[in-house]
Amino acid sequence: KQSPFFTNSLELVGRRLKQNLKKGKMIRPRHLFQRFDVNEGDQVVIISNVGKAYVSSSGIAQKSGRIGDILQVKNVRSGRIIKGYLKKNKKIQVYR
């Protein structure tokens, strides 16, 4: 079960607040934006396998998501929007 407030400050590192809070107020999960593995506008690596060869390109995430989600990514070189599965280390796997 999730605690009604955070007791470990390491759980808050890198998180963004939805609203301003007074000094000394306890931070609750509802005060924070949801944590994503990739946020909208983040740079990602697009990976596609053609036979036994892998082709990679850089892209920009169009939406936020977690590992395993299908995300839309804009290919930096071509400008095309591509859909793929989000993997570890901000990699998008495209299946043909």
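K.L.:
Go over the pattern of salt bridges, please, and point to the residues and values.
P.N.:
Overall, the coordinates contain one salt bridge when judged by the stated rule. Between Asp42 and Lys90 there is a salt bridge; the shortest N-O distance is 3.4 Å. Here the residue Asp42 occupies a position in the segment before strand 1 (43–50), and Lys90 occupies one in the loop between strand 4 (81–87) and strand 5 (91–94), the gap between them amounting to 48 residues. The exposure class assigned to Asp42 is buried, which follows from its relative accessible area of 19%. Looking at Lys90, the relative accessible area reads 35%, which means it is partly exposed.

K.L.:
I'd love a proper account of the nonpolar core, names of residues and values included.
P.N.:
Residues Val38, Val44, Ile46, Ala61, Leu71, Val73, Ile82, Leu86, Ile92 and Val94 constitute the largest nonpolar core, which totals ten residues. Where this core is concerned, the elements lending two or more residues are strand 1, strand 3 (70–75), strand 4 and strand 5. Excluding its chain neighbours within four sequence positions, the residues that come into contact with Leu71 are Val38, Lys63, Ser64, Gly65, Ile82, Lys83, Gly84, Leu86 and Ile92.

K.L.:
So what's going on with the sheet that holds strand 1? Which residues, and what values?
P.N.:
Backbone-to-backbone hydrogen bonds pair the strands of a sheet. The strands run either parallel or antiparallel. Spatial strand order, 1-2-3-4-5: five strands in a closed barrel with mixed pairing. On average, each strand axis in the sheet is tilted by 50° relative to the strand beside it, whichever way the strands run. Taken together, the four bridges between strand 1 and strand 5 define a ladder with parallel strand orientation. The residue of strand 5 that forms the bridge with Ser48 is Val94.

K.L.:
Explain a nonpolar patch on the surface to me, using residue names and the numbers behind them.
P.N.:
On the surface, a cluster of nonpolar side chains totalling about 340 Å² of accessible area is made up of Ile70, Tyr85 and Tyr95. Looking at the element boundaries, Tyr85 is found in strand 4. Tyr85 sits in the partly exposed class, given a relative accessible area of 37%.

Cut-offs applied
- Counting restarts for each chain: residues are numbered from 1 in the order of the written sequence.
- In view of the model being predicted, local features appear only for residues whose pLDDT reaches at least 70, and side-chain atom pairs are presented and counted only at 80 or more, with totals across whole chains, interfaces and linings using the full set of residues.
- Hydrogens are left out, water is left out, and the side-chain values use all remaining heavy atoms of the structure.
- The working definition used for a salt bridge is a side-chain nitrogen of Lys or Arg within 4 Å of a carboxyl oxygen of Asp or Glu.
- Helix and strand definitions here come from DSSP, where helices need a minimum of 4 consecutive H or I residues and strands a minimum of 2 consecutive E residues; each element is numbered from the N-terminal end.
- The buried label goes to any residue with under 20% of its type's maximum accessible area, the exposed label to any with over 50%, and the partly exposed label to all in between, with areas taken from a 1.4 Å probe on protein chains only.
- We define a nonpolar core as any set of buried Ala, Val, Leu, Ile, Met, Phe, Trp, Tyr and Cys residues linked to one another through side-chain atoms lying within 4.5 Å.
- Contacts between residues were defined by any pair of non-hydrogen atoms, one from each residue, lying within 4.5 Å.
- Pairing between two strands is assigned when DSSP locates at least 2 bridges connecting them.
- Each axis is a line fitted through C-alpha atoms, taken for helices only over the stretch in contact, and angles between the N-to-C directions span 0 to 180 degrees.
- Within the patch definition used here, like charges are joined within 9 Å and nonpolar side chains (Val, Leu, Ile, Met, Phe, Trp, Tyr) within 5 Å, considering only residues with over 30% relative accessible area and no salt bridge.
- Note on areas: Shrake-Rupley with a 1.4 Å probe; residue coverage comes only from the protein chains shown.

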